Amino acid sequence: MFNSRTICFSNVLLALFVTLILLAGNTMAQQVGSPNTTTADPPIMHPNTTPCIVQLFQNDVFQNFNNHTFQFTPPANCPGPWAKVILQGRFFVTKGIQFDRTANIWIGGTNIYFGTTAEPSPSVSPQWHFERDLTDYSSLFVTPQTGTAILGNIVDSTYTGVIHGSVDVEFYPLAPSQAAPTTADMVLPLSSTPGTVALTSTASVLEQSLTLPTNVERAFLDVYAQSQIGDEFWYSCVPNDATSALESCGGTAFREAEVTIDGTPAGVAPVYPWIFTGGFDPFLWSPIPGVQTLNFVPYRVNLTPFASLLSNGAPHQVAVSVFNANNYFSATASLLLYLDHGSTQITGAMVSNNLTAAPSPTVGEHLKSKSGGSENGGTTSGTINTTSPRLFAITGYVDTSHGRVETEVNQAINFSNVQKFNIVGLLGVNPNAIDQQDISQTTSISSKVTERSGGNTFINWKKLSWPLTVTISFVNNADGSFTQVTGIQQAYNRTDTRTHNGVSTFSSTLSNAVSTQDTLFISSGFSITGNQGQASSQQYSYSDSTGLCYSKSLQAANGVLTAISTGKGCRH
């Protein structure tokens, strides 16, 4: 549920979960007129070879908070190396009332999937499918291991939706004469056991002491930091001194994941504002969920400048924390190591590192209060601006069996959050009270990794833009009823460019954008009496320099899919 924007706000959303009714029917996704959960996300490209399929679990039933264990055995008929390894998941939740739930899947202590579930209604049993490319994690699948599926769910007389899931892994053999892809030689979790770690404050840490091989040439950390409970809507939070007047959560509207090695700053993982399918108003996300809601994308931090340190044979503490965490972020991370196969011991050094231990966000409060402020029945209005720029460079080198390799990571991160408020009285207390909040946030990331080896210079540019806008308005009507009007737009934009000695070798562009709106009518007893004007859309596009192009857009209204368009902007 949304943060503590007054107790009545929480009661409203609880009542919504209990009483929401959508249009009848449960047809399959991608059909106009269907209320089934659906996205415009593209399928992963599958090789032409015939895969060996290993089933992790089949039609498991999730109706409590018990972990589900399974046994993984590598495919006997498809020994590695593999052309591609793809995780496939198929889930549905029975008709009824149920919260959105967080789900994750583990092989040993390593996370291989992290996402959330769709919400049902008394008349709709949503089904959905997800895929994840695990080729980089191939070394994880060469030995038998115990796996775990964690999807806590409550089923009782009120919350009746039962979640069912089936997951398998497809192992695609190499085609004749096909070279094996370069994959991590080792994948190591930061968690000691399956399950995420709750980071409740800035001081909370997900950490692991690791003694690594002495020939680490490259290293990366895949980081998930997903907001929960008080932090679920962190981008709507305000400074602690304004929480009462603005009826909001504290800690400011800025969060950022920090990576350290032996306590030394080693990287930054900006936090994407994922939104649950029940976020703000569940009608918003039916049938189209938010960006990556069902299948999170981890943020990959390049730790290669630290390769020589990691290879010195001593134990090293690798850790992740979330700056400004305010109860809490659900976190996990996996360390991917690429080894020098021509030697057992590499040497090298860290050349420079100007990454500071913590960001220094700037917060500007421009609020005006009248008649004692909204908490006393008056008004509070104005803006709060939160910004945090990051600019750093980390350089190191390793002397390997094929010569010296120098890696320089340059990163610029610019975070901005602007909130506008107009609050009149207290909702549920003062007649005709109003609570309006507009949020405009963006995180822009520019990452340049330069590798110099054997007289060659390789440069990888990655640019990310994560815009989010939220407009939400509550009106306490004279008869004690409420009206909530919500509009949300969010996107995940990415461009990648690779060059070799100044000549472009690859480029790609990805854009994934979701827009949604709805109006809720809520009685004085906090039950939903109806909604109107629900409309949503998703546009997903991808193209690259190899000629690959994908484009799909979806539109929905009143909880059903109304239009599908494919191929726009792609040459046929």
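Residues numbered from 1 in each chain as written. Predicted model: local features only at pLDDT ≥ 70, side-chain atom pairs only at ≥ 80, totals over all residues. Heavy atoms only, no water.

> Whenever I open this one, the pattern of salt bridges confuses me. Can you help?
Side-chain pairing between opposite charges can occur once the charged atoms of the two side chains come close. Inspection of every chain in the model, using the stated rule, returns ten salt bridges. Ionic pairing is found between E256 and R390, a salt bridge with its closest N-O pair at 3.0 Å. In this pair, E256 sits in strand β13 (residues 256-261) while R390 sits in strand β20 (residues 379-400), placing the two residues 134 residues apart along the sequence. Of the charged contacts in the structure, one is a salt bridge between D496 and R494, with a shortest N-O distance of 2.6 Å. Each of D136, D222 and R300 takes part in salt bridges that share partners, so that together they form one network. (Salt bridge = Lys/Arg side-chain N within 4 Å of Asp/Glu carboxyl O. Helix = DSSP H or I, 4+ residues; strand = E, 2+ residues; numbered from the N terminus.)

> I keep staring at the sheet that holds strand β4 (residues 102-107) and nothing clicks. Help me out?
Within a sheet, each strand pairs with its neighbour through backbone hydrogen bonds, oriented either parallel or antiparallel. In space, the four strands of this open sheet follow the order β2-β7-β4-β5, with antiparallel pairing throughout. Each edge of the sheet is formed by a strand with only one pairing partner; in this case those strands are β2 (68-72) and β5 (110-116). Within the sheet, the average angular offset between the axes of one strand and its neighbour, ignoring direction, is 15°. The pairing of β2 with strand β7 (residues 145-150) spans five bridges and is antiparallel. Directly across from F70, in β7, lies its bridge partner G147. (Pairing = 2+ DSSP bridges. Axes fitted to C-alpha atoms, helices over the stretch in contact; angles between N-to-C directions.)

> Sorry, what's going on with the confidence of the model for the chain here?
Reading fine detail from the predicted coordinates is not recommended where pLDDT is low. Of the residues in the chain, 94% have a pLDDT of 70 or more, and the chain-wide mean is 92. For the stretch residues 1-29, pLDDT sits under 50, and the model shows 96 contacts to residues farther than four places along the chain or on other chains. (pLDDT = per-residue confidence, 0-100. Contact = heavy atoms within 4.5 Å.)

> Sorry, what's going on with the packing of aromatic side chains here?
Here a ring pair, both rings aromatic, is described through the centre-centre distance and the interplanar angle of the planes. Applying the stated criterion across every chain, the model contains 28 aromatic pairs. Relative to Y235, the ring of W234 has its centre 5.6 Å away and its plane inclined at 70°; by these criteria the two rings are edge-to-face. A residue is classified by how much of its surface remains accessible, and W234, at 0% relative accessible area, is buried. Judged by centre distance (6.4 Å) and plane angle (35°), the ring pair of Y235 and F280 falls under tilted. Note that Y235 is positioned in the loop between β12 (216-227) and α2 (243-246) and F280 in the loop between β14 (264-270) and β15 (299-302), a separation of 45 residues in sequence. Residue F280 is classed as buried on the basis of its relative accessible area of 1%. (Phe/Tyr/Trp six-rings, centres within 6.5 Å; stacked < 30°, edge-to-face > 60°. Buried < 20%, exposed > 50% of the residue type's maximum accessible area, 1.4 Å probe, protein only.)

> Mind showing me how you'd approach empty space enclosed by the protein here?
Leftover empty space is mapped by rolling, across the atoms, a probe with the size of a water molecule. Applying the stated criterion to the full structure yields four cavities of 30 Å³ or more. Within this model, the second largest cavity holds a volume of roughly 60 Å³. Contributing to the lining of the second largest cavity are W234, F254, R255, E256, P270, V271, S388, I413, F415 and T443. Looking at the lining of the second largest cavity residue by residue, the classes come out as six nonpolar, two polar and two charged. (1 Å grid on protein atoms, 1.4 Å probe; cavity = no way out; pocket = protein on both sides within 12 Å on 5 of 7 lines; lining within 4 Å. Points joined across faces, edges and corners; volume = space filled by probe spheres on them. Nonpolar A, V, L, I, M, F, W, Y, C, P; charged D, E, K, R; others polar.)

> Mind showing me how you'd approach the sheet that holds strand β3 (residues 82-93) here?
With respect to topology, four strands assemble into an open sheet ordered β1-β8-β3-β6, the strand pairing being antiparallel. Lying at the two open borders of the sheet, with one neighbouring strand each, are β1 (52-62) and β6 (127-133). Taken over all neighbouring pairs, the strand axes of this sheet differ in orientation by 15° on average, direction set aside. Here eleven bridges tie β3 to strand β8 (residues 163-173), and the two strands are oriented antiparallel to one another. Looking across to β8, one finds that R90 is bridged to S166.

> Teacher, can you tell me more about the pairing of β12 here?
The side chains of a regular strand alternate, first on one face of the sheet and then on the other. Among the twelve residues of β12, eleven are classified as buried, and the element is accordingly described as predominantly covered. Bridge count for β12 against strand β17 (residues 329-339) is eleven bridges, and the pairing is antiparallel. Looking at the pairing, V223 lines up with A333 of β17. Looking at chain direction, β12 and β15 are connected through four bridges and run antiparallel. Bridge assignment links L221 to a residue of β15, and that residue is V301.

> Is there a simple way to think about the environment of Q208 in this case?
For Q208, the location among the structural elements is in strand β11 (residues 206-211). Excluding anything up to four places from it in sequence, Q208 contacts P189, L190, S191, S192, H316, Q317 and V318. Among the polar contacts listed, one links the side chain of Q208 to the backbone oxygen of L190, at a separation of 3.4 Å. Side chain to side chain, Q208 and S192 meet in a polar contact 3.2 Å long. (Polar contact = N/O pair within 3.5 Å; in protein donor to acceptor, adjacent residues only side chain to side chain.)

> I would appreciate a short explanation of the side chain of N153 in the present structure.
With respect to the helices and strands, the residue N153 is situated in the loop between β7 and β8. Note on N153: relative accessible area 1%, which makes it buried. Separated by 2.9 Å, the side chain of N153 and the backbone oxygen of F62 make a polar contact. When sequence neighbours within four positions are dropped, the list of residues in contact with N153 reads F62, Q63, N64, F65, Q98, R101, G161, V162 and I163.

> For this particular structure, what's the right way to read unusual backbone geometry?
Most peptide bonds adopt trans geometry, and most residues besides glycine take a negative phi value. Between S286 and P287 the backbone carries a cis peptide bond, its omega angle lying at 10°. Among the structural elements, P287 can be located in the loop between β14 and β15. At the junction of N327 and Y328, the peptide bond is cis and its omega measures out at 5° in the coordinates. One can find Y328 in the loop between β16 (315-323) and β17. At E247, a position not held by glycine, the phi torsion is positive, near 50°.

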